[in-house]
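Examining the three-dimensional arrangement
This is what each chain is made of:
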Amino acid sequence: MEIFTSWPSWAHAEGPLAAALPAPTVDALRDAVAFARRRHGVQQRPTGRPYLEHLLEALEVAVRGAGLSDRDVLVSIVLHDVLEDTPCTEAEVARRFGPEVGALVRWVTRPPGGAKADHLASLVKALPKAVLVKLADRVSNVQELQRMPWRFQRRYYLETVAYIMPLAGAHPWFATWFAEWRGHWRRVERWPA
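Quick look at the structure, then. In this text, all values refer to a predicted model and were calculated from it rather than measured experimentally. The written sequence of each chain sets the order in which its residues are numbered from 1. Totals for whole chains, interfaces and linings use every residue, but because this is a predicted model, local features are given only for residues with pLDDT of at least 70 and side-chain atom pairs only at 80 or more, for both listing and counting. In computing side-chain properties, one takes all heavy atoms of the structure into account and sets aside hydrogens as well as water.

Attention now goes to the environment of Gln143. A run of H or I in DSSP counts as a helix once it spans at least four residues, and a run of E counts as a strand once it spans at least two, with each numbered from the N terminus. Relative to the assigned elements, Gln143 resides in the loop between α9 (128-142) and α10 (150-168). With a 1.4 Å probe rolled over the protein chains alone, any residue whose accessible area is under 20% of its type maximum counts as buried; one over 50% counts as exposed, and the rest are partly exposed. The buried category is assigned to Gln143, whose relative accessible area is 2%. For the pair formed by Gln143 and Pro99, sequence separation is 44 residues and the distance between their alpha carbons is 31 Å. We call two residues contacting when some pair of their heavy atoms lies within 4.5 Å. The residues touching Gln143, leaving out its near neighbours within four places in the chain, are Met1, Glu2, Ile3, Phe4, Thr5, Glu57 and Trp177.

Turning next to the packing of helix α2 (residues 23-40) against helix α6 (residues 90-97). Put simply, α2 and α6 touch, their axes get as near as 12 Å, and they point 150° apart. Here α6 runs roughly antiparallel to α2, going by the angle between their axes. When the axes of α2 and α6 are compared, the crossing they make is right-handed. Of α6, the residues touching α2 (which contributes Ala28, Asp31, Ala32, Phe35, Arg38 and Arg39) are Glu92, Arg96 and Phe97. Among the residues forming the contact of α2 with α6, the class breakdown is 4 nonpolar, no polar and 5 charged. Each axis is a line fitted through C-alpha atoms, and for a helix only the stretch in contact is used; angles between axes span 0 to 180 degrees, taken between their N-to-C directions. Angular relationships are summarised with four words: roughly parallel below 35 degrees, roughly antiparallel beyond 145, roughly perpendicular across 65 to 115, and oblique for the angles in between. Each crossing gets its handedness from the near helix: less than a right angle anticlockwise from the far helix is left-handed, clockwise is right-handed. Gly is placed with the polar residues, together with every amino acid not listed as nonpolar (Ala, Val, Leu, Ile, Met, Phe, Trp, Tyr, Cys and Pro) or charged (Asp, Glu, Lys and Arg).

On to the packing of helix α3 (residues 51-65) against α9. At a closest axis distance of 8 Å, the pairing of α3 and α9 adopts a crossing angle of 115°. Considering the relative orientation of α3 and α9, their crossing is right-handed. Where α3 approaches α9, its residues His54, Glu57, Ala58, Val61 and Ala62 are matched on the opposing element by Ala136, Asp137, Val139, Ser140 and Asn141. Among the residues making up the contact of α3 with α9, the classes are represented as 5 nonpolar, 3 polar and 2 charged.

This part covers the packing of aromatic side chains. Ring pairs shown here join Phe, Tyr and Trp side chains whose ring centres sit within 6.5 Å, with only the six-membered ring taken for Trp; geometry is labelled stacked below 30 degrees between planes, edge-to-face above 60, and tilted in between. With the rule as written, the count across this model stands at 7 aromatic pairs. For the pair Tyr157 and Trp181, a centre-to-centre distance of 5.3 Å together with 35° between the ring planes defines the contact as tilted. Of this pair, Tyr157 sits in helix α10 while Trp181 sits in helix α11 (residues 172-185), and the two are 24 residues apart along the sequence. When its relative accessible area of 0% is taken as the criterion, Tyr157 is described as buried. According to the relative accessible area criterion, Trp181 is buried, its value standing at 0%. Between the aromatic rings of Trp177 and Phe178, the centroid separation amounts to 5.3 Å while the plane-to-plane angle is 90°, which identifies the pairing as edge-to-face. Each member of the pair, Trp177 as well as Phe178, is classed as buried. Feature note: the residues Tyr157, Trp177, Phe178 and Trp181 constitute an aromatic cluster, connected by ring pairs. Think of it as a cone above the ring: NZ of Lys or CZ of Arg counts as a charge over the ring if it is within 6 Å of the ring centre and within 35 degrees of the ring normal. Here the basic side chain of Arg138 rests over the ring of Tyr156, its NZ or CZ set 4.0 Å away from the ring centre.

Moving on, we get to α10. Counting along an α-helix, one turn takes 3.6 residues, and residues three or four places apart therefore face a common direction. For a helix, the expected span equals 1.5 Å multiplied by the number of residues minus one. Between its first and last C-alpha atoms α10 spans 25 Å; for 19 residues at 1.5 Å apiece the expected length is 27 Å, and the two agree. A residue's bend is the angle separating two fitted axes: one through the seven residues that end there, the other through the seven that start there. At Val161, α10 shows its maximal bend, which comes to roughly 40°. What α10 keeps buried is the set Gln153, Arg154, Tyr156, Tyr157, Glu159, Thr160, Val161, Ile164, Met165, Leu167 and Ala168. On its buried face, α10 is in contact with α8 (116-122), α9 and α11.

See the structure below:
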């Protein structure tokens, strides 16, 4: 199972992105990363690491792992949490990055007050590009799940198997990655509730 943590900053990501993608896409990603950095500010991941690292990990998953190159999908991956975790609005994202990016980010954003399981279950009706955004996000979130507390590990594992792995089936690279990941975590299924 490949781990994607070699782009902890834009400085690390820019060269590989420039080698893999057209210049206008890299420019859009640079803008999206700067926008996300401003919006997320000093926010941290549950592990205490800067939040921007998660966004760049998800981008690395998409580009280096899955071989994705669609500009709107990649920009949406970088921005996927701005609606849920910051005061940013969909209108602002759409104005700055285009209506498709706004729609993709909305699809992967849990509605305020909405149950997480309901939101994840609703993704079976999501736009195919939104599913790619969610898959890249989840690979980043689970690739080092062992760093999280035991109860979180179990809950997140079961959630991923129930809701995310079925979405991955239509995307061979993601299906293979999650199958390898599940094999690694199979022992979790035997944990008591």
